[in-house]
Amino acid sequence: MVSTEPLRCAGALIVDDDGRIFFQRRSAHRRLFPNCWDIVGGHLEPSEEIDDALAREITEETGWALSHVLGQVGEYHYVGDDGLARTEHDFLVRVDGDLGHPRLEAGKHTEYRWLAEHEVTMLDENRDVNDGLIRRIAEEGFAVLRSIGP
């Protein structure tokens, strides 16, 4: 039996001391959003809480540890390239670790960038012309960051 419930996801917009947000490029062989820029995050495991998934995904994808959540960025509903519906909860966060040397998850991500707010248009690279989801999430993340101050 196939579930008709959307997959639940947690996403982290990791902020550095200069007010930039961390993005990583998904590898070209990924089924969902191949070769596209993305935030840190992923699917919740069965019975996993969102905050636990957020911390787990940060460590798995970067080697860093969640320090604290600055605020919720938004809740997003979309259907991926695989045809599955998803509900994603994204948060603006700080992490502990060497921010200059993330440990990207082998085989899943190929490079990373810290972007300032004026650089978010690059997130549309390799995305469907009507997508814009990751850029919209980034813009909303920067709006939350501005609202809470330095």
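These figures come from a predicted structure and were not determined experimentally. (Residues numbered from 1 in each chain as written. Predicted model: local features only at pLDDT ≥ 70, side-chain atom pairs only at ≥ 80, totals over all residues. Heavy atoms only, no water.)

**Side note on the overall build of the chain**
Helix and strand counts for the chain come out as two helices and seven strands. Order of helices (α) and strands (β) in the chain, N terminus to C terminus: β-β-β-β-α-β-β-β-α. Against the 2.2 N^0.38 benchmark of 15 Å for 150 residues, the chain shows a C-alpha radius of gyration of 15 Å, consistent with a compact globule. In terms of overall dimensions, the chain has a C-alpha envelope of 50 × 35 × 30 Å along the principal axes. Out of the 150 residues in the chain, the part that is buried amounts to 46%. In the chain, the share of contacts with a sequence separation of at least 24, taken over all contacts with a separation of at least 6, comes to 67%. Of the charged side chains in the chain, 16 are positive and 30 negative; the average position of the first set lies 3 Å away from that of the second. (Helix = DSSP H or I, 4+ residues; strand = E, 2+ residues; numbered from the N terminus. Rg over C-alpha atoms; globule rule 2.2 N^0.38 Å. Buried < 20%, exposed > 50% of the residue type's maximum accessible area, 1.4 Å probe, protein only. Contact = heavy atoms within 4.5 Å. Lys, Arg positive; Asp, Glu negative; His and termini not counted. Charge placed at Lys NZ, Arg CZ, Asp CG, Glu CD.)

**Focus on the packing of aromatic side chains**
According to the stated counting rule, one finds five aromatic pairs in the structure shown. Seen in terms of ring centroids, Phe33 and Tyr78 are 6.2 Å apart; in terms of plane orientation they differ by 45 degrees. Their pairing is tilted. Note that Phe33 is positioned in the loop between strand 2 (21-26) and strand 3 (37-38) and Tyr78 in strand 5 (residues 65-79), a separation of 45 residues in sequence. With a relative accessible area of 12%, Phe33 lands in the buried category. Here Tyr78 falls in the buried class, since its relative accessible area comes to 15%. Among the aromatic residues, those joined into a ring-pair cluster are Phe22, Trp64, Tyr112 and Trp114. (Phe/Tyr/Trp six-rings, centres within 6.5 Å; stacked < 30°, edge-to-face > 60°.)

**Looking at the nonpolar core**
Judged by nonpolar contacts, the single largest core of 24 residues is most densely connected at Leu13, Ile21, Phe23, Ile39, Leu92, Leu123 and Ile137. At the level of secondary structure, the elements contributing two or more residues to this core comprise strand 2, strand 5 and helix 2 (133-148). The leading source of residues in this core is helix 2, at seven residues. In contact with Leu13, other than residues within four places in its own chain, are Ile21, Ile39, Val73, Asp90, Phe91, Leu92, Val93, Ile137, Ala138 and Gly141. The next biggest cluster of nonpolar side chains, apart from the first, holds 14 residues, and it includes Ala10, Phe22, Ala53 and Val93. (Core = buried A, V, L, I, M, F, W, Y, C linked by side-chain atoms within 4.5 Å.)

**Description of the pairing of strand 6 (residues 85-96)**
Along a regular strand, successive side chains alternate from one face of the sheet to the other. Most of strand 6 is tucked away, with 10 of its 12 residues classed as buried. Across eight bridges, strand 1 (residues 7-14) lies against strand 6 in parallel orientation. Residue pairing across strands places Leu7 opposite Arg86, the latter belonging to strand 6. Where strand 5 meets strand 6, 12 bridges bridge the pair, whose relative direction is antiparallel. By the bridge assignment, Val69 is partnered in strand 6 with Val93. (Pairing = 2+ DSSP bridges.)

**So, helix 2**
If you check helix 2, its first and last C-alpha atoms are 23 Å apart, about what 16 residues at 1.5 Å a residue would give, namely 22 Å. Listing the buried residues of helix 2 in full gives Leu133, Ile134, Ile137, Ala138, Gly141, Phe142, Val144 and Leu145. Buried positions along helix 2 lie against strand 1, strand 2, strand 3, strand 5, strand 6 and strand 7 (109-115). Where helix 2 ends, the next residue or the one after it, Gly149, has phi of about 80 degrees, a positive value. (Expected span 1.5 Å × (residues − 1).)

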